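The lines below spell out each chain.
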Amino acid sequence: MLRDLFSNSDTSTAPSVESRRTFLRKGALAALATGVATACRPTEAATVTGHPAKATKPAPTPAAPAVTATATLAAARANADAMDKMHEAAMKAFPAKTAKHGNQPLAPRIEKGVKVFDLVARKVQWETEPGKFAEAWAYNEMVPGPTIRVREGDRVRINVKNELPESTSVHFHGLELPNAMDGVTFITQPPIKPGDSYTYEFTAPNPGSHMYHSHHNSTKQVSLGLLGAFIIEPKDRSSEPRVDVDELFILNDGLNGFTINGKGFPATKPIVAKLGQTVRIRFMNEGMMIHPMHLHGMHMTVIAKDGWTQPQPWKCDTLNVAPGERWDVLVKCTNPGTWAFHCHILPHAESEHGMFGMVTALVVQA
Amino acid sequence: MLRDLFSNSDTSTAPSVESRRTFLRKGALAALATGVATACRPTEAATVTGHPAKATKPAPTPAAPAVTATATLAAARANADAMDKMHEAAMKAFPAKTAKHGNQPLAPRIEKGVKVFDLVARKVQWETEPGKFAEAWAYNEMVPGPTIRVREGDRVRINVKNELPESTSVHFHGLELPNAMDGVTFITQPPIKPGDSYTYEFTAPNPGSHMYHSHHNSTKQVSLGLLGAFIIEPKDRSSEPRVDVDELFILNDGLNGFTINGKGFPATKPIVAKLGQTVRIRFMNEGMMIHPMHLHGMHMTVIAKDGWTQPQPWKCDTLNVAPGERWDVLVKCTNPGTWAFHCHILPHAESEHGMFGMVTALVVQA
Amino acid sequence: MLRDLFSNSDTSTAPSVESRRTFLRKGALAALATGVATACRPTEAATVTGHPAKATKPAPTPAAPAVTATATLAAARANADAMDKMHEAAMKAFPAKTAKHGNQPLAPRIEKGVKVFDLVARKVQWETEPGKFAEAWAYNEMVPGPTIRVREGDRVRINVKNELPESTSVHFHGLELPNAMDGVTFITQPPIKPGDSYTYEFTAPNPGSHMYHSHHNSTKQVSLGLLGAFIIEPKDRSSEPRVDVDELFILNDGLNGFTINGKGFPATKPIVAKLGQTVRIRFMNEGMMIHPMHLHGMHMTVIAKDGWTQPQPWKCDTLNVAPGERWDVLVKCTNPGTWAFHCHILPHAESEHGMFGMVTALVVQA
């Protein structure tokens, strides 16, 4: 989908860039290496632009011998080319293939009317970016863990098997459960020791976008990946928005870096929709920092906070998601193209080596 | 109140944990010490769970000699037991006794119709956690300082005596006062020098949840404890919510650590209410970081921001409180039990040694 | 405007400070130097306050020889005087003169009905505080870059000339543009190499408070100053608020420190309005951290987020602005005086040397 990146669906004046000729770039390397200027005159440098006649009056720059100015420019371009190559490589790699993805739907077994889900917590090697493996602590060997999706009023049983080298527990973040099912060690239950299992059982309460995650030594365990989405669909679907695409955006920022759904750019998955479709995104922050998520090209309409409908929907293009929060937004895909979608704390999204971490794209297909 | 932690008020299937036999735990220590495996076969390890039949198909793990696997598990359990002991001790200690608590109501003297409050700013030794004393800078020897509560329209006089080794001043954060009463040194008043006193006098303006704190060398002075709540009750109480319990939640994160109302867990005080009661919580952030506060088991209904009624109440379970902000929420206590209530930036709430810092509980008594 | 700082427009009791006599301050220095006490008795120290009769009962302090207590107090006052001198100097310097200010309006040329704006990106030396120059990367040699202001539906052309030593691009943050005009290198356009120019052209879309900034190596480039405001006025002005003063508040926190509109206190510009006037402030965060902006003396009414009208206005005195966000607020200037206006993350606003960084004032002239 990135092949036709530079096509312009607008009928407006196409952007124009006139590159300096290739020999100039090569010359830059020579200039860098030798300190000797190329033969280009500075005036030539001034005419490479597409709109020289429209240029702002440049502020006076210190007078410099033409030869030096040209050498400086050539050196800058050579440096720029080297940096841009890394940036381009990151973009071209997107969406990069990595082993396994999180958030896979977990199909329950039905036992006497109860929806039964099995979770196994275990250490895995997790590929966050191509070739970058790190130790993760995972439910069912994926980060985020499998998505649990039930309906309000369903009877639900969750069997948790602990194959970690530490005790653990599972908290159902946002679910208003009976106290004994809340998953906080030494408040509502004993820890689940290594090798042991534990069963949670309850009736699915308040609907919405919720989470499940470890609530024992959680700074480490959640950071390493013991987390997942727990979606409760409302019994009465009349007030549910009609959406064509339903996406999760689970944020983390622990030892395995800045990730969306367990992957760092360029291994993040783009969201893909057709022109005119409506996408719901459920943001969930399982990290330790805020992440103001910025969508290019279209706005988001915020409809729910922590699973609760907002009294009135409101619009934004940058949504500040704090740890523990969930926000549901709708995006009406009215603008065709590949749109950057990233955390606007820029060091979470771009370095001198190009974009990384909390970056993905919304692709609206015309 | 933590005695019946593991009782289950739900009629659902009780959670089940089947521990490995005690000798196994003892064996673990032996295994750790000697590297020699216990006699248990790995298949035995697989049958300790309560729901072996329901277990997810575990992903294949590298084949290992039975003896090694068992030794590994035993070692893990021994490690887990050691860690869990610390976690349990922190929980069992809650609510831990420490010397003095902040936020004590300050009764005014009435002088010719004026409500007069006296504040003395002074260094104290403050016990944030049992046995952990630190230098605090305090009003009336408590952190947070005494709660000042007046009624809109009241004539109020605040006498401040500075017994600190630095100048200071008091800003009434959120109160729309005459400029000379705003408490900003060198903008609205000279500093109050060590040994000097200063008097503020004004008519209580806009009602709501406000604060008072130093506005001189404030990065240090507020961080060390020169802060307190300033509540102005509205003249017209018709739009006030009816609440059974009215609580403060003053957050700080300075040199004396992550605290709620001047104490770190387990020395924080739980909020206690009866089933069916309504609790108002007034969050106030006097720190340098955001603190997204997460309540388990029930939601919060947000009714006011910085003392101003929100146009419409809205619901959440995680409320992001930024420095300088105040948020009023209501909790309808519909769910009996002891519910964790903590900052969801997990390193502000839990370490490998157990929960600490910005953690407390809402106890709903059936 | 700071001359009559200590005048009190209130008719209430004026604040009272009774300084210890000057000789005592001088004595403090002597006491510090020699360790020998002045001749003042401690009881004298107790009577310097204006309201001794109203003093709270001071908690018992350890008995100390009178001589020592007085010497300690004198030393404290000498220290306090030295610190206060720095605080006073910072305040007195406000608003301090520095070379150049950002956010200057950029008048377009009209070419065949198109509004044409020229931007040149270039390194400059930028004075953030008096005498403190730092390298900035700037549009048209100012930080923030010039303010671009157009009307919804206008045809707009932006010529960008890159005179930086790196490639760059311009993203119009918040504008819902055709994809090719979105300014993200290697997604929607090639980088603009050093020495090259690039032209963006589009019809001004969704109105509101938007931004433009680099979207190439942006962690560095935006941090260094490649950013500015892009305001689109609505075609239908019927729902626009009537404002007397329209201000920008662009926040940054990069290598050049904590700044509002490119300057750190005391070089920040105060907002000045007359009593009864309405000020609109457009907050824009181009930094990497949240900044909860706190206005003293009056509240702010929040009317828009990211250029989109909020469903209902709401009030606050502390507004948490996250990176990438824009918030529009109105302040009805009902309270005369010079009011502090600052980030409430106190280390962004005050050190032991006095106020600095993200501090300015709203001056309401009676």
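Parameters and conventions
By convention here, each chain's residues receive numbers from 1 onward along its written sequence. Here chains are named by letter from A upward and ligands by number from 1 upward, in the order in which they appear as written. Only residues with pLDDT of at least 70 are given local features in this predicted model, and only at 80 or more are side-chain atom pairs given and counted; all residues enter the totals for whole chains, interfaces and linings. Side-chain descriptors were evaluated using all non-hydrogen atoms of the structure, hydrogens and water having been removed beforehand. When DSSP locates at least two bridges between a pair of strands, those strands are taken to pair. Going along the chain from the N terminus, every DSSP run of H or I of four or more residues is numbered as a helix, and every run of E of two or more is numbered as a strand. Note on method: axes are straight lines fitted to C-alpha atoms, helices fitted across the in-contact stretch only, with angles between N-to-C directions ranging 0 to 180 degrees. A pocket here means an open set of points on a 1 Å grid, computed over the protein atoms alone, that has protein on both sides within 12 Å along at least five of seven lines. A cavity is instead a set of points where a 1.4 Å probe fits but cannot get out; residues with an atom within 4 Å of a point line either one. Grid points are joined across faces, edges and corners, and a volume is the space filled by probe spheres set on the points. Each residue is assigned to one class: nonpolar for Ala, Val, Leu, Ile, Met, Phe, Trp, Tyr, Cys and Pro, charged for Asp, Glu, Lys and Arg, and polar for all the others, Gly among them. Here the copies were fitted onto each other by least squares, based on C-alpha atoms from residues at pLDDT of at least 70 in both. What makes two residues a contact is simply this: any of their non-hydrogen atoms within 4.5 Å. A quick way to say it: buried area is the sum, across both parts, of accessible area lost when two parts are put together, with a 1.4 Å probe. Salt bridge, as used here, is a side-chain nitrogen of Lys or Arg placed within 4 Å of a carboxyl oxygen of Asp or Glu. Definition of a polar contact: a pair of N or O atoms within 3.5 Å, with one able to donate and the other able to accept a hydrogen when the atoms are protein atoms, and with sequence-neighbouring residues admitted only if both atoms are side-chain atoms. Burial classes: relative accessible area under 20% of the type maximum marks a residue as buried, over 50% as exposed, and values in between as partly exposed (1.4 Å probe, protein chains only). What counts as a ring pair is set by centres within 6.5 Å for rings of Phe, Tyr and Trp (its six-membered ring), and what kind of pair is set by the plane angle: stacked under 30 degrees, edge-to-face over 60, tilted for all other angles.

Colleague: Explanation requested: the sheet that holds strand E19 (residues 337-343) of chain A in the structure shown.
Modeller: Sheet strands pair via backbone hydrogen bonds, and the direction of the pair is either parallel or antiparallel. Residues and elements named next belong to chain A. Pairing within the open sheet is mixed, and its 5 strands lie in the order E12-E22-E19-E14-E17. The sheet is open, and its two borders are formed by strand E12 (271-274) and strand E17 (318-321), each paired with just one other strand. Recorded for the sheet is a direction-independent mean angle of 20° between the axes of neighbouring strands. As judged from the 6 bridges shared by E19 and strand E22 (residues 359-365), these two strands associate in the antiparallel manner.

Colleague: I'm lost on empty space enclosed by the protein in this one. Help?
Modeller: Take a probe with the size of a water molecule and roll it over the atoms, and the empty space left behind shows itself. Counted by the stated rule, this structure contains 16 cavities of 30 Å³ or more. Roughly 670 Å³ of internal volume is contained in the largest cavity. In terms of lining, the largest cavity is formed by 28 residues, of which the most central are Trp 314 and Trp 327 of chain A, Trp 314 and Trp 327 of chain B together with Trp 314 of chain C. Only strand E16 (308-316) and E17 of chain A, strand E16 (308-316) and strand E17 (318-321) of chain B together with strand E16 (308-316) and strand E17 (318-321) of chain C provide two or more residues apiece to the lining of the largest cavity. Residues of the lining of the largest cavity, tallied by class, amount to 12 nonpolar, 10 polar and 6 charged. Computed from the structure, the second largest cavity encloses a volume of approximately 120 Å³. Elements represented by at least two residues in the lining of the second largest cavity include exactly strand E2 (114-129) and strand E10 (245-252) of chain B. With 3 residues, the single largest contributor to the lining of the second largest cavity is E10 of chain B. Residues belonging to the lining of the second largest cavity are distributed by class as follows: 8 nonpolar, 10 polar and no charged.

Colleague: Is there a simple way to think about the relation of the copies chain B and chain C in this case?
Modeller: Each of the two copies of the chain can be brought onto the other by a rotation about an axis and a shift along it. Expressed as a screw operation, the relation of chain B to chain C combines 0.0 Å of axial shift with a rotation of 120°, fitting to an RMSD of 0.0 Å. These values place the two chain copies in the arrangement generated by a three-fold rotation axis. When you check the interface residues of chain B against chain C, a mere 5% turn up at the interface there too, and the two sides of the contact use different surfaces.

Colleague: What is the right way to look at the interface of chain A and chain B in this model?
Modeller: How big an interface is tends to be reported as the loss of accessible area on association of its parts. Each partner contributes residues to the interface: chain A has 67 residues there, and chain B has 64 residues. Approximately 5400 Å² of surface area, both sides summed, lies buried where chain A meets chain B, with 57% of it carried by carbon and sulfur atoms. Counting the surface chain A buries against chain B, the share from its top three residues, Asn 179, Phe 186 and Ile 187 of chain A, is 13%. One can count 4 salt bridges joining chain A with chain B. The partner of Lys 193 of chain A in a salt bridge is Asp 84 of chain B, and the shortest N-O contact between them spans 2.7 Å. Inspection of the chain A/chain B interface yields 28 residue pairs in polar contact (both at pLDDT 80 or more). For the side of chain A that touches chain B, the secondary-structure elements that each account for two or more residues are strand E1 (109-111), strand E2 (114-129), strand E5 (155-162), strand E6 (170-173), strand E7 (197-203), helix H4 (218-224) and E16 of chain A.

Colleague: What is the right way to read the relation of the copies chain A and chain B from this model?
Modeller: Mapping chain A onto chain B is achieved by rotating through 120° and translating by 0.0 Å along the same axis, at an RMSD of 0.0 Å. The overlap is low: 4% of the interface residues of chain A also sit at the interface in chain B, so different surfaces are used on the two sides.

Colleague: How should the pattern of salt bridges be read in this particular structure?
Modeller: Oppositely charged side chains may form a pair once their charged atoms are brought near each other. All names here are of chain A. Taken as a whole and judged by the stated rule, the model has 87 salt bridges over all chains. A salt bridge links Glu 129 to Lys 132; its shortest N-O distance comes to 3.5 Å. Since its relative accessible area comes to 41%, Lys 132 is described here as partly exposed.

Colleague: Honestly, the side chain of Thr 98 of chain C in this entry has me stumped. Any pointers?
Modeller: All names here are of chain C. Within the secondary structure, Thr 98 is located in the loop between helix H3 (66-93) and strand E1 (109-111). There is a polar contact of 2.9 Å between the side chain of Thr 98 and the side chain of Lys 263. Filtering out sequence-adjacent residues up to four positions away, Thr 98 remains in contact with Glu 127, Glu 129, Pro 130, Lys 263 and Ala 267.

Colleague: Honestly, the interface of chain B and chain C in this entry has me stumped. Any pointers?
Modeller: Chain B puts 66 residues into the contact, and the matching count from chain C is 64 residues. Summing both sides of the interface, chain B and chain C together bury roughly 5400 Å²; the carbon and sulfur share of this comes to 57%. Counting every contact that joins chain B to chain C gives 4 salt bridges. In this structure, the salt-bridge partner of Lys 193 of chain B is Asp 81 of chain C, at a minimum N-O distance of 2.6 Å. Here chain B is connected to chain C by 28 residue pairs in polar contact (both at pLDDT 80 or more).

Colleague: Looking at this structure, how should I read the packing of aromatic side chains?
Modeller: Both the distance between ring centres and the angle between the ring planes are used here to describe each pair of aromatic rings. Residues and elements named next belong to chain A. Going through the model one piece at a time under the given rule, you end up with 33 aromatic pairs over all chains. Taken together, a centroid distance of 5.0 Å and an interplanar angle of 25° make the contact between Phe 94 and Phe 265 stacked. Placement of the pair is Phe 94 in the loop between helix H3 (66-93) and E1 and Phe 265 in the loop between strand E11 (259-260) and E12, with a sequence separation of 171 residues. Judged by its relative accessible area of 7%, Phe 94 falls in the buried class.

Colleague: Would you mind showing me how to read the pairing of E5 of chain A here?
Modeller: Regular strands have side chains that alternate between both faces of the sheet. All names here are of chain A. For E5, the tally of buried residues reaches 7 of 8 residues, placing the bulk of the element in the interior. Of the strand pairs in this sheet, E2 and E5 are connected by 7 bridges, and their pairing is parallel. Looking at E5, one finds that Lys 115 is bridged to Val 156. In this structure, E5 lies alongside E7, joined through 7 bridges in antiparallel fashion.

Colleague: Can you help me understand the environment of Asn 140 of chain C in this one?
Modeller: All names here are of chain C. Topologically, Asn 140 is positioned in the loop between strand E3 (132-139) and strand E4 (148-151). In this structure the C-alpha to C-alpha distance between Asn 140 and Tyr 200, which are 60 residues apart in sequence, comes to 17 Å. If sequence neighbours within four positions are ignored, Asn 140 has contacts with Leu 106, Asp 118, Leu 119, Val 120 and Pro 146. There is a polar contact of 2.7 Å between the side chain of Asn 140 and the backbone nitrogen of Val 120.

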